[in-house]
Amino acid sequence: MLRRIKIIGTGSAIPPRVITNFDLEKMVDTSDEWIKERTGISERHIVDKETATSDLVAESTLIALKAAGLEAKDLGAIIVATASPDTAYPPTACWAQKKLNIPGIPAFDISAACSGFLYGLELASALVESGRYRNILVSGAEVMSRIVNWEDRDTCVIFGDGASSVIVDRSDGESGIISSYLGADGTLGDLLYQPAGGTRMPASQETIDKKLHTVHMRGKEVFKHAVRTMGDAAIRVLKEANITNKDIALFIPHQANLRIVDATCRRAGIPMEQTHTIIHKYGNVPAASIPLTLNDALQKGRIKRGDLLLFAAFGGGFTWGAMVLRW
Ligand code: ACO
């Protein structure tokens, strides 16, 4: 059954500073050729030292509000998906709320790594469908540059900073979620995580010396699980929607690595021409990756009202999800 919600505005905030693969060659033992061949990434954007995640949330929200013809005071709730919050608490959503100067409405974060945006969209849809909320902001936002070890070539070449926001409201027409699915497997948590800084391993001189507050990743295992879970989640929601890949106007997968996108497409039987990618210019911007890709596709005129879109995500946790949405 169609769940009648509509994305009425989108907006992205990309920090102006660019770090190219050639810049990274000067920082760690790597090469432009290796990074491009293994990940598809040429460059990524990085914030300046004054900017935190909530600043990017607020900036992208103002653009999304303008696109929707709304003002900040019209928002009904703020949901921020992030793996790189301003602070452990308050939630980044509350810091963004302060910046937008709209106290009063609920504001909270979703911690589901790269799948966070789809988790947020699912939750926002349920709140809108309940009839009790309108104009819910769902923002995917990351400042990965602050939690990456810039001496570790396995991880520092992959990630980028940025945010993208959407506003979700009820739909009177055919727009809506046709099928969706979320999943997680906590037994795989230590394949991709930030070990220190929480209650399991609080900050100490030792954790700082060992750089345990940065992203730790077992790349090959992550790769394998990403392809299987994103591919199978995509197949599942297509089946539940009673459609095939041929009915989809555009596939918008999480942009972790171009080879992961390519292998996921092959597993789900979706041609690359039906897929939008932005990883070459932004790198992996975990929870922001899907809304950034959506917004980029909209700006490039690849999506029109009534199109069927397929989303699929995968991230630390492990978490994953997929959705068929009629735009
Ligand atoms: N530059 C040059 N060489 C490198 C680099 C680098 N930046 N990084 C690793 N290497 C070397 C390795 O040391 C290894 O050398 P060795 O053969 O002498 O041991 C060699 O390259 C091959 O390394 P692999 O790890 O086998 O390379 P692989 O093809 O698996 O690619 C990569 C590594 C890109 C990390 C890949 O495994 C991957 O993309 N995994 C998924 C990562 C990901 O998407 N993470 C985010 C998930 S989403 C989230 O929730 C945050």
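Everything numeric here is computed off the predicted structure, so don't read it as measured data.

Conventions and cut-offs
- Residues numbered from 1 in each chain as written.
- Predicted model: local features only at pLDDT ≥ 70, side-chain atom pairs only at ≥ 80, totals over all residues.
- Heavy atoms only, no water.
- Core = buried A, V, L, I, M, F, W, Y, C linked by side-chain atoms within 4.5 Å.
- Buried < 20%, exposed > 50% of the residue type's maximum accessible area, 1.4 Å probe, protein only.
- Helix = DSSP H or I, 4+ residues; strand = E, 2+ residues; numbered from the N terminus.
- Domains from an automatic or database assignment.
- Contact = heavy atoms within 4.5 Å.
- Near = heavy atom within 4 Å.
- Polar contact = N/O pair within 3.5 Å; in protein donor to acceptor, adjacent residues only side chain to side chain.
- Areas by Shrake-Rupley, 256 points an atom, 1.4 Å probe, with all protein chains shown as cover.
- Nonpolar A, V, L, I, M, F, W, Y, C, P; charged D, E, K, R; others polar.
- Phe/Tyr/Trp six-rings, centres within 6.5 Å; stacked < 30°, edge-to-face > 60°.
- Lys NZ or Arg CZ within 6 Å of the ring centre and 35° of its normal.
- Salt bridge = Lys/Arg side-chain N within 4 Å of Asp/Glu carboxyl O.
- Axes fitted to C-alpha atoms, helices over the stretch in contact; angles between N-to-C directions.
- Parallel < 35°, antiparallel > 145°, perpendicular 65-115°, else oblique.
- Left-handed = near helix turned anticlockwise from the far one by under 90°.
- Pairing = 2+ DSSP bridges.
- Arc of directions from axis to C-beta.

Considering the nonpolar core
Grouped together as the largest cluster of nonpolar side chains are 46 residues, with contacts concentrated most on V215, I243, L310, F318 and V324. Elements with a minimum of two residues in this core: helix 8 (219-240), helix 9 (258-268), strand 12 (308-315) and strand 13 (319-326). A domain-level breakdown of this core finds at least three residues from each of domain 1 (5-172) and domain 2 (177-326). Those residues within four positions of V324 in sequence are excluded, and the remaining contacts are G176, I177, I178, S179, V237, L238, A241, I243, L308, L309 and L310. Core analysis: the next-biggest nonpolar cluster, separate from the first, contains 28 residues, A124, V128, L250 and L325 among them.

So, the site of the ligand
The full set close to the ligand counts 26 residues, and T30, R38, C114, K220 and N257 are the nearest of them. At 2.5 Å from an oxygen atom of the ligand is found a side-chain nitrogen or oxygen belonging to N257. Isolated, the ligand exposes 1,000 Å² of accessible area, and the fraction of that covered by the protein chains is 75%. The greatest single-element share of the shell around the ligand, amounting to four residues, is contributed by helix 8. Considering only residue class, the shell around the ligand consists of 12 nonpolar, eight polar and six charged. The residue makeup of the shell around the ligand includes at least three contributed by each of domain 1 (5-172) and domain 2 (177-326).

Regarding the packing of aromatic side chains
Within this structure, the stated rule accounts for one aromatic pair. When the centroid spacing of 4.9 Å and the interplanar angle of 70 degrees are considered together, the rings of F314 and F318 count as edge-to-face. Look at F314 and you get buried, because its relative accessible area is 3%. Judged by relative accessible area, which is 1%, F318 ranks as buried. Residue placement shows R236 over the ring face of Y181; its charged tip is 3.8 Å from the ring centre.

Remarks on the environment of T10
Its place among the elements puts T10 in strand 1 (residues 5-13). With 56 residues separating them in the primary sequence, T10 and K66 have C-alpha atoms 8.8 Å apart. A polar atom in the side chain of T10 sits 2.7 Å from the side chain of N295.

Quick word on the domain arrangement of the protein chain
When the parts of a complex come together, some accessible area is lost, and that lost area is often used as the size of the interface. Splitting the protein chain by domain gives domain 1 (5-172) and domain 2 (177-326). Taking the mean C-alpha position of each, domain 1 and domain 2 sit 14 Å from one another. The interface of domain 1 with domain 2 comprises 47 residues on the first partner and 45 residues on the second. Applying the counting rule to domain 1 against domain 2 returns zero salt bridges. Seen at the junction of domain 1 and domain 2, the total is 19 residue pairs in polar contact (both at pLDDT 80 or more).

Some details on the packing of helix 8 against helix 9
At a minimum axis separation of 8 Å, helix 8 and helix 9 run at an interaxial angle of 40 degrees. On the basis of their axis angle, the class for helix 8 and helix 9 is oblique. Pair helix 8 / helix 9 crosses with right-handed handedness. Along the contact surface, helix 8 presents F223, A226, V227, R228, M230, G231, D232, A234 and I235, while helix 9 presents R259, I260, A263, T264, R267 and A268.

A short note on the sheet that holds strand 4 (residues 77-81)
Strand order in this open sheet of five strands is 1-7-6-4-5, and the pairing throughout is mixed. At either end of the open sheet lies a strand with only one pairing partner, and these are strand 1 and strand 5 (107-110). Averaged over all neighbouring strand pairs, the angle between strand axes comes to 20 degrees, with direction disregarded. Across eight bridges, the pairing between strand 6 (residues 136-143) and strand 7 (residues 161-170) is antiparallel. When the sheet's bridge partners are listed, E142 is paired in strand 7 with G162. Set on the sheet, helix 3 (residues 53-68) makes contact with strand 1, strand 4, strand 6 and strand 7; between it and strand 1 the angle comes to about 130 degrees. Packed onto the sheet, helix 4 (residues 92-100) meets strand 4 and strand 5 and runs at close to 140 degrees relative to strand 5.

Structural notes on helix 4
Every buried residue of helix 4 is listed here: T92, A93, A96, Q97 and L100. Down the axis of helix 4, the smallest arc covering the buried residues is 145 degrees, so these residues share one side. Against helix 3, strand 4 and strand 5 lie the buried residues of helix 4.

What about unusual backbone geometry?
P90 follows Y89 through a cis peptide bond whose omega is 0 degrees. Along the chain, P90 falls in the loop between strand 4 and helix 4. Put simply, G317 and F318 share a cis peptide bond, and its omega is -15 degrees. Relative to the elements of secondary structure, F318 occurs in the loop between strand 12 and strand 13. In this structure, A113 takes a positive phi of about 50 degrees despite not being glycine. Note on placement: A113 falls in the loop between strand 5 and helix 5 (116-129). Positive phi is not limited to glycine here, since K211 has a value of about 55 degrees. Judged by its relative accessible area of 31%, K211 falls in the partly exposed class.

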